[in-house]
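# Coordinate analysis (summary)
For reference, the chains in residue letters:
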Amino acid sequence: MQTVIGQGLDLITPPADGSVNFSRYTMTRYSAIVKWKTAFYSFYLPVALAMHMAGIHDDDSHQNAKKILLEMGHFFQVQDDYLDCYGDPAVTGKIGTDIEENKCGWLAVTALGLCTPAQRKVMEDNYARNEPQCVARVKALYTELDIQRHYAEYEEKSYQQLMQMIEEYSQILPEEMFIAFANKIYKRQK
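What comes next is a walk through the structure.

Attention now moves to the overall build of the protein chain. In terms of regular secondary structure, the protein chain is built from nine helices and zero strands. Along the protein chain, from the amino end to the carboxyl end, the secondary structure elements read α-α-α-α-α-α-α-α-α. Whereas a compact globule of 190 residues would reach a radius of gyration of roughly 16 Å, the protein chain reaches 18 Å, a difference of no more than 12%. Dimensions of the protein chain along its principal axes, counting C-alpha atoms only, are 55 × 30 × 30 Å. Expressed as a percentage of its 190 residues, the buried residues of the protein chain come to 43%. Intrachain contacts of the protein chain at a sequence separation of at least 6 include 76% that bridge at least 24 residues. Approximately 10000 Å² of the protein chain is accessible, and the part contributed by carbon and sulfur atoms is 55%.

Following this line, the structure appears as C-alpha cells:
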C-alpha cells in the first residue's frame, strides 16, 4: 500500500496535461514521494520481514529499524536522482530521463530553491520537454547553480547523519548490518 501511495504522489505532482507547474515541487513533497515509493519497499520492509523471521517482534526494535532504514532509503533515492542526470549510462545501465519526464526529483527541487527568477524561467521553459536542447539547457542551469557541489555536500552530510542514527537506534539490532548497508550505497555509481 505504501508504494501505491508513493507512486500516486509521483504521478500527481506534475500537472496531468504535461505542462510545467513547479508549485508542488517542494522538498516536503519530494520527501513524501521518496518515503512511500522507495524507502519502505526497498529498505524497511525487507529488513522488517527478516527481523520477524529471526524472532524479533518487539515494537521498539521495529520502530528503530524503520527510522534508520527510511533515512537510508531517502539517501538512496537522492543518489538515484543524481545518477539519473550525472551517472555514466555504461555503468548505471540506463539513460536518465527525469528532466524529460517532468519528475519531482532532488535535482529539480534543489535547483528551484537556489535559482533566481530568470533561472526559474529557464527551468519553466525547458523542463519536461523531450528535446535534447531543452535537456541541455536544464543541465547547463544545474551546472550554473553548482548542483554537483550541493549534491556532494548533501551526500556527505547525509552519510554522517545516517552513521549517527545507526549508532543511536540500532540498540539490540546488529549495528554492523546497518553500517554494511550504508557503506554499500555510499558513493555508489550505479
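Picking up after the structure, the text goes on.
Here we take up helix 7 (residues 132-144). End to end, helix 7 covers 18 Å across 13 residues, agreeing with the expected 18 Å (1.5 Å per residue, within 8%). Every buried residue of helix 7 is listed here: Cys134, Val135, Val138, Leu141 and Tyr142. All buried residues of helix 7 lie within an arc of 120° about the axis, which places them on one face of the element. Residues Pro132, Thr143 and Glu144 are exposed on helix 7 and point more than 90 degrees away from its buried face. On its buried face, helix 7 is in contact with helix 3 (59-86), helix 5 (106-114), helix 6 (117-126) and helix 8 (147-169).

Within the element layout of this structure, asparagine 126 appears in helix 6. Dropping the residues within four chain positions of it, asparagine 126 is found in contact with Cys134, Arg137 and Val138.

Inspection of the secondary structure assignment puts isoleucine 56 in the loop between helix 2 (27-53) and helix 3. Exposure remark for isoleucine 56: the relative accessible area of 21% places this residue in the partly exposed category. It is 9.0 Å that separates the C-alpha atoms of isoleucine 56 and leucine 173, two residues lying 117 residues apart in sequence. Leave out the neighbours within four places in its chain, and isoleucine 56 touches Met51, Ser61, His62 and Leu173.

Turning our attention to the side chain of threonine 92. Residue placement: threonine 92 occurs in helix 4 (residues 89-92). A distance of 3.0 Å separates the side chain of threonine 92 from the backbone oxygen of lysine 94, its partner in a polar contact. Apart from residues lying up to four places away in sequence, threonine 92 is in contact with Leu83, Gly87, Gln189 and Lys190.

Together, Glu167, Glu168, Glu175 and Glu176 make up a region of like negative charge exposed at the surface. Put simply, the parts of the chain that give the negative patch at least two residues each are helix 8 and helix 9 (175-185). Tracing the backbone through its elements, the reader meets glutamate 168 in helix 8. The class for glutamate 168 is partly exposed, based on a relative accessible area of 48%.

Conventions used here
Residues numbered from 1 in each chain as written. Predicted model: local features only at pLDDT ≥ 70, side-chain atom pairs only at ≥ 80, totals over all residues. Heavy atoms only, no water. Helix = DSSP H or I, 4+ residues; strand = E, 2+ residues; numbered from the N terminus. Rg over C-alpha atoms; globule rule 2.2 N^0.38 Å. Buried < 20%, exposed > 50% of the residue type's maximum accessible area, 1.4 Å probe, protein only. Contact = heavy atoms within 4.5 Å. Areas by Shrake-Rupley, 256 points an atom, 1.4 Å probe, with all protein chains shown as cover. Expected span 1.5 Å × (residues − 1). Arc of directions from axis to C-beta. Polar contact = N/O pair within 3.5 Å; in protein donor to acceptor, adjacent residues only side chain to side chain. Patch = residues over 30% accessible without salt bridge, like charges linked within 9 Å, V, L, I, M, F, W, Y side chains within 5 Å. Salt bridge = Lys/Arg side-chain N within 4 Å of Asp/Glu carboxyl O. Lys, Arg positive; Asp, Glu negative; His and termini not counted. Charge placed at Lys NZ, Arg CZ, Asp CG, Glu CD.

In short, shape yes, function no, at least from these values alone.
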